[in-house]
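# Per-entry structural report
Spelled out from the first residue to the last, the chains are:
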Amino acid sequence: MPVDFYSKLTNARGVYTFRDFVLVPGRSDVEPSKVDLSINLTKQIHLNLPLVSSPMDTVTESDMAIALAREGGLGIIHRNMPIEEQVENAKRVKRAESFIIRDVVTITPDQKISDALELMHNKSISGLPVVSDGDRIVGILTKRDVNFADPNVSVREAMTSEVIVAGPEVTIEEAKKIMNKRKVEKLPVVDKNRKLMGLITIKDVYSRERFPLATRDSQGRLLVGAAVSPYDIERAKALEKHVDLLVSDVAHFHNTNILEAAKKLTNEVFVEFIAGNLGTIEGTKDTIEALDGHVAGIRAGVGSGSICVTSEVTKAGAPTLFAVSQIAVALQELGVEIPIIADGGIRAAGDGALALAAGASAIMMGNVFAGCTESPGGLIKIGGKYYKPYRGMGSMASRQKRFAMDRYNQPAKGIAEGVEGVVPYRGDVSTVVEEFASGLRASFGYAGATSVKDLWQKAKFGAVTAAGVDEMRPHSIILPGEEKI
Ligand code: IMP
């Protein structure tokens, strides 16, 4: 069959991006404050806000993941570090708070106060349950107890031996009541034989009240995800017990070798797996077929990231909005419900709303979160303004770091597919998320939608012309800082 070269051009489909559309206002009786932004990120993971931070070395380590999970979103720890370090980052998120701490650090009555001081210092904790014969609680040693004790005396002599405890069925409200009434900051949880089963701290109780939207697991710990290469089963296995989901971190998942590697990985690792990145109907169908029920979510978008030069260098790309719609179509045709995460190119809430309207359940952002206090890297002052570093994971600097320590990432491709630079400092995650969520709520209000699923039904897209792009932003005005002399 001769190739019809000309029809390749004339039959080309539109690959639309955020700037091509607006949400056409619809009839609405929706109060933005009443909009429910909660979503399912996977079959098992429910988020109160549809926001996920990119696994990038200038975006998500434990501080970002903790801050974002507290606000109701989720952080994906990047993989540009040794396996042990990535596991440690995940553990730090899990340790940040919990209703009942299960791996309690304890001490025995015969140890010295100096041992207790060392333990408290090394583990950054302020109290130690004292246990003897088979983990039975016999006392508690608080900061107050050790502060006034001779370091050479035994724990037995300094500890408080009348310990206020709770049973294993205690609820958070009951725990709070007991701690307030008895004026204690630590409440050991014991079984009927006074065997220590866990510890509740007043700090964790208050944290639950301070962050009512936080995404938590059944033990009250914050949720966290981690990025892996589909080839890196060793990393996936090391992470599996410490994270709530693994996220594939390759630019082009629709590749025979990657699909095979991901199939092997998902058969050997028992934690939810988000596949990606994908951007086409065919890619989605091949993925679902190859991974046979193991796809918990899909990362959508190839080439739209703000640091991405993939499309510029290779002319290959599936812009995020287009990618979301294609994947949504494929999933619908297959009759499966798998959440889609729109990834790349989202600059503000309006882009996020479009991504959700096109069929996504969540929004993944690098640039926006890189500008937050909690991203790795310090503030950079340029001309009186503050910035934070931001770079693509395919940038030369980022790749060099990865090649140096990760044998699964040999420099197969000689070209950089990302750039490095700085982004404006935006403040704390809590402020940025609040602003973003308000923007989303306002968009939903215009569309007349009360939830993401309602938006899928009700959103109407309006196509913007090039002239419209210029008109639909501030114009014909000189803004402060933009004066030209
Ligand atoms: P942003 O929010 O527009 O900055 O896009 C972030 C997304 O860009 C990430 O979640 C990745 O999917 C993607 N990405 C990260 N690093 C690179 C790169 O070096 N080249 C291309 N895409 C990248």
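Moving on to the overall build of the chain. Tallying secondary structure elements over the chain gives 19 helices and 19 strands in all. Computed over its C-alpha atoms, the radius of gyration of the chain comes to 26 Å, within 12% of the 23 Å expected for a compact globule of 485 residues. Counting every position in the chain, which comprises 485 residues, the buried fraction comes to 50%. Looking at the chain alone, contacts between residues at least 24 apart form 65% of all its contacts between residues at least 6 apart. Computed over 58 positive and 60 negative side-chain charges, the inter-centroid distance for the chain is 2 Å.

The next point concerns the pattern of salt bridges. Should the charged atoms of two oppositely charged side chains come close, the side chains can pair. Going through the model one piece at a time under the given rule, you end up with 21 salt bridges. Residue Asp-217 pairs with Lys-94 through a salt bridge whose shortest N-O separation is 3.1 Å. Note that Asp-217 is positioned in the loop between helix H8 (202-210) and strand S10 (225-228) and Lys-94 in helix H3 (residues 83-96), a separation of 123 residues in sequence. Of the two residues, Asp-217 and Lys-94, neither departs from the other in class, the shared state being buried. Arg-473 is the salt-bridge partner of Asp-470, the closest N and O atoms lying 3.1 Å from each other. A residue is classified by how much of its surface remains accessible, and Asp-470, at 42% relative accessible area, is partly exposed. Shared partners join several salt bridges into a network, and the residues in it are Arg-79, Asp-249, Arg-299 and Asp-343.

The next subject is the sheet that holds strand S4 (residues 51-53). Taken in spatial order, the eight strands close into a barrel running S4-S5-S10-S11-S12-S13-S14-S15, and their pairing is parallel. Neighbour to neighbour, the strand axes of the sheet diverge by 25 degrees on average, direction disregarded. One ladder, built from two bridges, connects S4 with strand S5 (residues 74-77); its direction is parallel. What sits directly across from Ser-53, in S5, is Gly-75.

All right, on to the site of the ligand then. As a matter of local geometry, the ligand sits amid 23 residues, with Ser-306, Asp-343, Tyr-390, Gly-394 and Glu-417 nearest to it. Within the side chain of Ser-306, a nitrogen or oxygen atom sits 2.7 Å from an oxygen atom of the ligand. One of the backbone nitrogen or oxygen atoms of Met-393 is found 2.8 Å away from a nitrogen atom of the ligand. When the ligand sits alone it has 500 Å² of accessible area, and the protein chains cover 89% of it.

The next point concerns helix H4 (residues 113-123). Among the residues of H4, Ile-113, Ala-116 and Met-120 are the ones counted as buried. The buried residues of H4 occupy an angular sector of 55 degrees when the element is viewed end-on, so they sit on one face. The exposed residues of H4 that point more than 90 degrees off its buried face are His-121 and Asn-122. Buried residues along H4 sit in contact with strand S6 (127-132), strand S7 (136-142), helix H5 (143-147) and helix H6 (155-158). Where H4 ends, the next residue or the one after it, Ser-124, has phi of about 50 degrees, a positive value.

So, about the sheet that holds strand S17 (residues 385-391). If you walk across this open sheet you meet the three strands as S16-S17-S18, and the pairing is antiparallel. Each of the sheet's edge strands pairs with one partner strand only, and the pair in question is strand S16 (380-382) and strand S18 (420-424). Direction aside, neighbouring strands of the sheet carry axes that sit 50 degrees apart on average. Two elements, S16 and S17, share three bridges in a ladder whose sense is antiparallel. For Ile-382, the partnering residue across the bridge sits in S17 and is Lys-385.

Once that is clear, we can look at the domain arrangement of the chain. Domain annotation for the chain reports domain 1 (5-97 + 213-471) and domain 2 (113-205). Averaged C-alpha coordinates put domain 1 and domain 2 at centres separated by 42 Å.

Our focus in this paragraph is the pairing of strand S11 (residues 245-248). Of the two faces of S11, both are covered, the one formed by Leu-245 and Val-247 as well as the one formed by Leu-246 and Ser-248. With four bridges connecting them, S10 and S11 associate as parallel partners. Of the residues in S11, the one forming a bridge with Ala-226 is Leu-246. Handedness of the S10-helix H9 (residues 233-239)-S11 crossover: right-handed. The β-α-β motif built from S11, the intervening helix H10 (residues 256-268) and the parallel element strand S12 (residues 272-278) has right-handed crossover chirality.

You can see Ala-397 is positioned in helix H16 (residues 396-405). Residues Ala-397 and Ala-416, spaced 19 residues apart in sequence, show a C-alpha to C-alpha distance of 9.2 Å. For Ala-397, the contacting residues outside a window of four places in its chain are Arg-391 and Glu-420.

A word on a nonpolar patch on the surface. A surface patch of nonpolar side chains, amounting to about 280 Å² of accessible area, comprises Leu-379, Tyr-386 and Tyr-425. As for its position among the elements, Tyr-386 is in strand S17. Taking relative accessible area as the criterion, Tyr-386 reaches 40% and is therefore assigned partly exposed.

Moving on: the nonpolar core. Counting 108 residues, the largest nonpolar core has Leu-41, Leu-246, Phe-253 and Phe-369 as the members making the most contacts within it. In this view, Phe-253 contacts Pro-230, Ser-248, Ile-258, Leu-259, Ala-262, Phe-273, Ala-275, Gly-276, Asn-277, Leu-278, Thr-287 and Leu-291; residues no more than four positions away in its chain are not counted. Membership of the second largest hydrophobic core comes to 13 residues, among which are Ile-107, Ala-149, Ala-158 and Met-159.

Each pair of packed helices can be summarised by the angle the axes make with each other and by the distance between the axes. Contact geometry for helix H2 (residues 62-71) and H3: axes closest at 9 Å, N-to-C directions at 35 degrees. Once H2 is placed against H3, the crossing between them reads as right-handed. Residue-level inspection shows Ser-62, Ala-65, Ile-66 and Arg-70 of H2 in contact with H3, the latter providing Asn-89, Arg-92, Val-93 and Ala-96. Tallied by class, the residues present in the contact of H2 with H3 amount to four nonpolar, two polar and two charged.

Cut-offs used in this document
Residues numbered from 1 in each chain as written. Predicted model: local features only at pLDDT ≥ 70, side-chain atom pairs only at ≥ 80, totals over all residues. Heavy atoms only, no water. Helix = DSSP H or I, 4+ residues; strand = E, 2+ residues; numbered from the N terminus. Rg over C-alpha atoms; globule rule 2.2 N^0.38 Å. Buried < 20%, exposed > 50% of the residue type's maximum accessible area, 1.4 Å probe, protein only. Contact = heavy atoms within 4.5 Å. Lys, Arg positive; Asp, Glu negative; His and termini not counted. Charge placed at Lys NZ, Arg CZ, Asp CG, Glu CD. Salt bridge = Lys/Arg side-chain N within 4 Å of Asp/Glu carboxyl O. Pairing = 2+ DSSP bridges. Axes fitted to C-alpha atoms, helices over the stretch in contact; angles between N-to-C directions. Near = heavy atom within 4 Å. Polar contact = N/O pair within 3.5 Å; in protein donor to acceptor, adjacent residues only side chain to side chain. Areas by Shrake-Rupley, 256 points an atom, 1.4 Å probe, with all protein chains shown as cover. Arc of directions from axis to C-beta. Domains from an automatic or database assignment. Right-handed = clockwise from strand over helix to strand, strands pointing away. Patch = residues over 30% accessible without salt bridge, like charges linked within 9 Å, V, L, I, M, F, W, Y side chains within 5 Å. Core = buried A, V, L, I, M, F, W, Y, C linked by side-chain atoms within 4.5 Å. Left-handed = near helix turned anticlockwise from the far one by under 90°. Nonpolar A, V, L, I, M, F, W, Y, C, P; charged D, E, K, R; others polar.

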